[in-house]
There are 4 protein chains.
Amino acid sequence: MGANAVAVVGLGNMGTPIARNLLASGYAVTVYNRSRDKAEPLAAEGGAIADSPAAAVTSGGVVISLLSNDAVLEQAALGAGGFADALGAGGLHISMSTVSPETSRKLAEEHAKRGSLFVAAPVFGRPDAAAIRKLWICLSGAPEAKARALPILNELGQRVQDFGDDPGGANIVKLSGNFMILAAIEAMAETMALCEKNGIERQTVYDFFTSANFACPAYQSYGRIIAQRAYEPAGFVLELGMKDIRLARETAAASKVPMPVADFLFLRLQDAVAQGRSKLDWSAIELATAEAAGIPVPAPLSKAS
Amino acid sequence: MGANAVAVVGLGNMGTPIARNLLASGYAVTVYNRSRDKAEPLAAEGGAIADSPAAAVTSGGVVISLLSNDAVLEQAALGAGGFADALGAGGLHISMSTVSPETSRKLAEEHAKRGSLFVAAPVFGRPDAAAIRKLWICLSGAPEAKARALPILNELGQRVQDFGDDPGGANIVKLSGNFMILAAIEAMAETMALCEKNGIERQTVYDFFTSANFACPAYQSYGRIIAQRAYEPAGFVLELGMKDIRLARETAAASKVPMPVADFLFLRLQDAVAQGRSKLDWSAIELATAEAAGIPVPAPLSKAS
Amino acid sequence: MGANAVAVVGLGNMGTPIARNLLASGYAVTVYNRSRDKAEPLAAEGGAIADSPAAAVTSGGVVISLLSNDAVLEQAALGAGGFADALGAGGLHISMSTVSPETSRKLAEEHAKRGSLFVAAPVFGRPDAAAIRKLWICLSGAPEAKARALPILNELGQRVQDFGDDPGGANIVKLSGNFMILAAIEAMAETMALCEKNGIERQTVYDFFTSANFACPAYQSYGRIIAQRAYEPAGFVLELGMKDIRLARETAAASKVPMPVADFLFLRLQDAVAQGRSKLDWSAIELATAEAAGIPVPAPLSKAS
Amino acid sequence: MGANAVAVVGLGNMGTPIARNLLASGYAVTVYNRSRDKAEPLAAEGGAIADSPAAAVTSGGVVISLLSNDAVLEQAALGAGGFADALGAGGLHISMSTVSPETSRKLAEEHAKRGSLFVAAPVFGRPDAAAIRKLWICLSGAPEAKARALPILNELGQRVQDFGDDPGGANIVKLSGNFMILAAIEAMAETMALCEKNGIERQTVYDFFTSANFACPAYQSYGRIIAQRAYEPAGFVLELGMKDIRLARETAAASKVPMPVADFLFLRLQDAVAQGRSKLDWSAIELATAEAAGIPVPAPLSKAS
């Protein structure tokens with residue numbers, strides 16, 4: 001493979017548009033996914049399909065990972081058939097998953113033992129933003145690693161922000177951002193319940209604030225979902241969000257930083273899971289507020305169902 | 001006075017630019033302020049100065065009130081020298097203060113007894129937004145009252161949103177919005193503490209999020225204050241903010257709507273007042289998080305001072 | 001009537017045993033209750049029945065009130081047919097209801113205008129403790145009022161504690177105590193959920209702690225109810241408890257004292273009411289913890305019913 | 001050594017009275033402590049002193065461990081010079097430290113590999129209770145292990161409660177109990193602040209409740225400390241308490257049980273540590289409530305010092 005070869009490991013709803021964009025930009029892309037059927041469409045667009053993470057990478061090459069959690073990521077890199085050994089001396093691992101800072105620090109060490117570089121590069125933005133290269137990317141790691149990752153990341157997002165040399169730094173920012181999103185969701189939930197209970201339409205409240213001092217993507221996208229109770233299909237599945245808030249909480253405890261709102265939100269998510277809402281969009285924590293306020297909730301979403 | 005006469009009662013940092021804009025738009029403006037010196041500059045621009053709220057209004061005319069709290073507003077309308085009796089039959093009171101929905105409902109009733117109309121029209125936006133007619137205005141009240149208020153309000157803001165016929169409706173939305181702002185402040189405070197404790201600059205965190213999914217006025221204006229700890233001079237004084245969150249809490253309790261984050265934020269404000277921070281900007285609740293996280297706080301802002 | 005005449009207004013589950021004990025101690029007792037049928041049994045034991053609060057008292061005599069809330073108490077004392085005017089000069093009002101300190105202060109003033117004395121004397125202990133004169137009584141008011149009330153109160157409880165001259169003082173202690181009870185309930189609820197989820201029997205946990213460092217009535221009585229989920233019939237109805245915690249919250253806010261656990265408990269109660277649990281014992285807030293933990297709750301108590 | 005030989009590893013303020021009681025009961029006791037000076041007094045009373053945990057135990061004998069945290073316990077059992085290997089086939093380890101259930105489960109497994117038995121037997125009660133054999137002991141582990149431990153434990157406490165066969169069960173109960181104690185402390189702190197702010201003496205409030213429905217050791221011992229602000233010398237050091245509440249929180253998260261009050265209390269402790277209070281008695285979390293309420297705190301305890 002040539003200098004512009006890139007492996008993409010993990011073809012979920014973020015990995016697929018990212019691989020597609022790299023293909024369109026002229027990279028030679030080899031993809032790996034646990035279930036091969038998600039890889040087939042990319043082969044039709046010029047990508048190569050590998051049968052293991054190790055087989056996807058070339059020695060000294062670049063691998064981008066987009067996996068669902070810390071354990072899956074560790075397995076793909078360091079487990080049997082993992083890519084870390086194959087990547088070898090001179091390689092670069094761009095880890096775009098939302099994982100703990102500890103996992104990034106551990107991977108950076110493991111890659112260093114093998115002569116490879118590592119950056120954490122988690123993203124904000126949803127699949128449709130990924131498709132049009134509008135992601136916001138958080139970057140951290142050793143300077144030479146970041147320098148080499150930057151041209152590739154610039155193909156994928158509208159902004160790449162450097163958060164320093166600690167490999168876990170970008171993960172902390174990503175976890176913080178997800179916490180801020182869920183805090184915004186809770187604030188909107190309490191607001192809409194108060195307004196609705198007083199005869200003011202949720203949609204009107206949404207329209208007003210997201211045109212005024214809250215005119216930004218976090219409020220616009222989740223406010224709409226809450227106002228319309230459009231929790232299915234989920235943009236971001238509640239149980240995945242719970243994983244992220246758990247990581248934020250644990251990072252806060254390890255850092256001796258009090259995050260009382262994060263603690264509260266974790267319980268909201270935990271309660272939602274107990275109510276059978278783990279597959280809904282995570283903004284469905286709103287339903288707890290509505291129910292406690294005595295606001296009728298559509299039957300398919302209510303606890304009783 | 002002619003049909004375009006308007007009285008403005010209360011010349012704080014919102015009342016003054018609003019009176020000025022009305023003068024510039026050709027209204028015949030009479031102003032009243034408890035301390036007359038704040039009225040003088042407007043006289044130089046063509047306004048008339050009254051010696052009491054009652055003297056500021058004309059029978060059947062329009063009065064705009066912009067006062068600091070429920071008690072002051074009630075006094076100006078219904079107390080000795082108040083304008084309600086003078087406004088009389090056919091008058092219109094546009095109440096732009098941030099007060100409780102109960103006060104608006106009570107005033108609407110009192111005005112109705114005298115044959116006058118009432119609307120609540122609290123605003124979002126700071127004095128500089130008021131100066132350039134960029135306020136967002138929440139409106140509620142009887143249809144004929146709103147219809148008559150609308151042309152005037154359109155001179156003052158970029159958007160006027162109708163929140164229904166309950167005179168208190170707009171107040172509920174305003175209190176909700178202030179709650180959402182303070183929730184955003186707390187979320188940023190926890191985030192910045194977590195990042196700073198892990199070696200990531202507050203300013204970088206601010207720059208990133210307010211360019212990305214939190215690119216909206218609430219986060220941009222307060223995020224900057226928090227990142228720089230620019231709590232003095234205050235844009236919005238903490239003790240005034242505490243009044244608003246107290247009203248939100250009371251409205252929530254009266255409406256049987258749980259607002260756990262609002263409850264928590266009220267305690268944050270109460271604690272800040274106990275620490276001698278009542279005159280700082282209300283985003284100074286951030287200092288409690290920093291102190292509990294063991295992050296150094298500049299001496300003039302610390303508890304020990 | 002003689003010097004040992006006492007009127008008892010309010011024959012709920014506390015007023016009745018108190019009136020009975022006074023009869024047994026030789027007092028001449030006249031009773032009043034809104035529904036007369038609750039008074040009949042006391043007539044059989046030697047009591048007189050009055051047709052109004054005013055008719056129950058004698059000028060310069062003693063009246064004990066035991067009513068369900070502030071409004072009912074105010075009505076019985078100051079409303080039409082109320083006893084305050086009839087009590088007149090030299091009278092004494094012993095108010096044993098759980099009400100706000102403000103109501104006690106107001107009543108003390110109103111009685112003073114009429115030449116009467118007032119004490120607040122709310123109690124801890126349940127109806128069975130009242131029956132055997134084992135109540136704990138909180139007392140506050142003017143010294144001469146307390147001195148006169150003391151011999152009567154000593155007939156009713158095992159301990160009378162003086163909490164000072166502010167008529168509202170005893171109410172603050174009573175509200176605080178109810179807050180402490182509910183905090184204990186929540187702590188037991190979280191503990192039992194944690195243990196049960198780990199395979200440890202609730203009843204065993206209860207037996208152990210209430211024989212060890214929590215061997216006291218608050219934990220023993222409510223712990224048993226929680227361990228057995230014996231929420232019906234209610235010892236203390238949830239909606240009444242919610243009133244008390246609301247009063248505690250409001251007193252805290254007025255006193256500028258942060259009570260975060262009280263705020264949280266208020267939401268727990270509010271949520272329980274929304275789930276249709278207002279008539280259960282107030283320790284039924286435990287069900288929220290169980291449900292959120294995924295612990296099966298008997299069908300008649302679950303939300304779905 | 002004979003059948004009644006027991007090793008005691010860890011001579012802190014609990015280990016010492018326990019070793020002394022075993023000596024007095026006729027056991028042949030060998031002690032080990034990291035700093036040998038704490039062992040000397042026991043030698044004078046007939047105990048033998050060992051130079052390592054391994055040297056303290058006999059093959060097939062009994063060892064009691066009383067150590068400060070999970071890591072120290074693991075080291076003493078499984079580390080270099082640890083007792084697990086020396087204990088060997090037929091041995092019994094009675095672990096009385098407050099540690100996580102995971103540590104107990106792991107130790108039970110490790111001992112099983114070596115043919116030894118394990119019980120967790122954490123205690124409630126302070127050093128003076130240990131001295132007079134009045135501890136309350138929580139017990140869990142395999143039936144044969146518990147049967148063998150019981151006669152020894154009966155020498156040490158007034159009650160031994162069996163919490164099942166899961167080796168971690170007793171630890172969960174112990175962590176729960178510490179949580180309940182700290183919840184009681186917070187409830188008293190909020191109560192005393194409310195009362196004091198309204199002119200009612202803290203000591204009077206304490207006397208009343210701990211003679212009435214809260215007449216039990218947890219409230220009596222900690223209530224006195226809070227009422228008198230006797231946080232030094234510490235009965236239970238705040239930073240140790242923080243370790244326990246952290247373990248409770250983690251166990252709750254792992255068990256998917258919401259413990260919102262535990263979460264809140266953890267932040268209280270974390271904040272107290274940031275204020276330099278880690279060496280005070282853990283009931284010193286009370287100071288945060290007092291300070292936020294604007295109640296004067298003695299200078300040596302205040303944040304400013």
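All of these numbers come straight from a predicted model, not from anything done at the bench.

How each quantity is defined
Residues numbered from 1 in each chain as written. Chains lettered and ligands numbered in written order. Predicted model: local features only at pLDDT ≥ 70, side-chain atom pairs only at ≥ 80, totals over all residues. Least-squares fit on C-alpha atoms with pLDDT ≥ 70 in both. Contact = placed C-beta atoms within 7 Å. Helix = DSSP H or I, 4+ residues; strand = E, 2+ residues; numbered from the N terminus. Nonpolar A, V, L, I, M, F, W, Y, C, P; charged D, E, K, R; others polar. Core = buried A, V, L, I, M, F, W, Y, C linked by C-beta atoms within 7 Å. Buried ≥ 20, exposed ≤ 12 C-beta atoms within 10 Å, placed from the backbone. pLDDT = per-residue confidence, 0-100.

After a rotation of 180° and a shift along the axis of 0.0 Å, chain B superposes on chain A with an RMSD of 0.1 Å. Each copy turns onto its partner about a two-fold axis. Residue C216(B) of chain B places its C-alpha closer to the rotation axis than any other residue of that unit, at 2.5 Å. With an isologous cut-off of 70% or more, the 100% of interface residues of chain B that recur at the interface of chain A puts this contact in the isologous class.

At the interface, 55 residues of chain B touch 55 residues of chain A. Of all the elements in the fold, those that place two or more residues in the side of chain B that touches chain A are β9 (157-162), α9 (169-197), α10 (202-209), α11 (217-228), α12 (238-255), α13 (260-274) and α14 (286-292) of chain B. Element by element, the count of residues in the side of chain B that touches chain A is highest for α9(B), at 17 residues.

Next up on the list: the relation of the copies chain C and chain B. For the pair chain C and chain B, the superposition axis carries a translation of 0.1 Å, the fit reaches an RMSD of 0.0 Å, and the rotation angle comes to 180°. Same-surface contact between copies: 100% of interface residues of chain C are shared with the interface of chain B.

Moving on: the environment of S140(A). Checked against the element boundaries, S140(A) lands in strand β8 (residues 135-141). Apart from residues no more than four positions distant in its own chain, S140(A) is found in contact with V119(A), A120(A), F163(A), G164(A), D166(A), P167(A), G168(A), G169(A) and A170(A).

Chain C puts 7 residues into the contact, and the matching count from chain B is 7 residues. Broken down by class, the residue content of the side of chain C that touches chain B amounts to 3 nonpolar, 1 polar and 3 charged.

The subject of this paragraph is the nonpolar core. Core analysis: the biggest nonpolar cluster contains 231 residues, and F83(A), A121(A), A184(A), F83(B), A121(B) and A184(B) have the highest contact counts within it. When near neighbours in sequence (up to four residues on either side) are disregarded, A184(B) contacts A184(A), A218(B), Y219(B) and Y222(B). Counting residues in hydrophobic clusters, the runner-up holds 230 residues, among them V6(C), L139(C), A56(D) and V57(D).

Now for the confidence of the model for chain A. Looking at chain A as a whole, the pLDDT averages 95, with 98% of positions reaching at least 70. Under the prediction, the complex receives an ipTM of 0.95, its pTM being 0.90.

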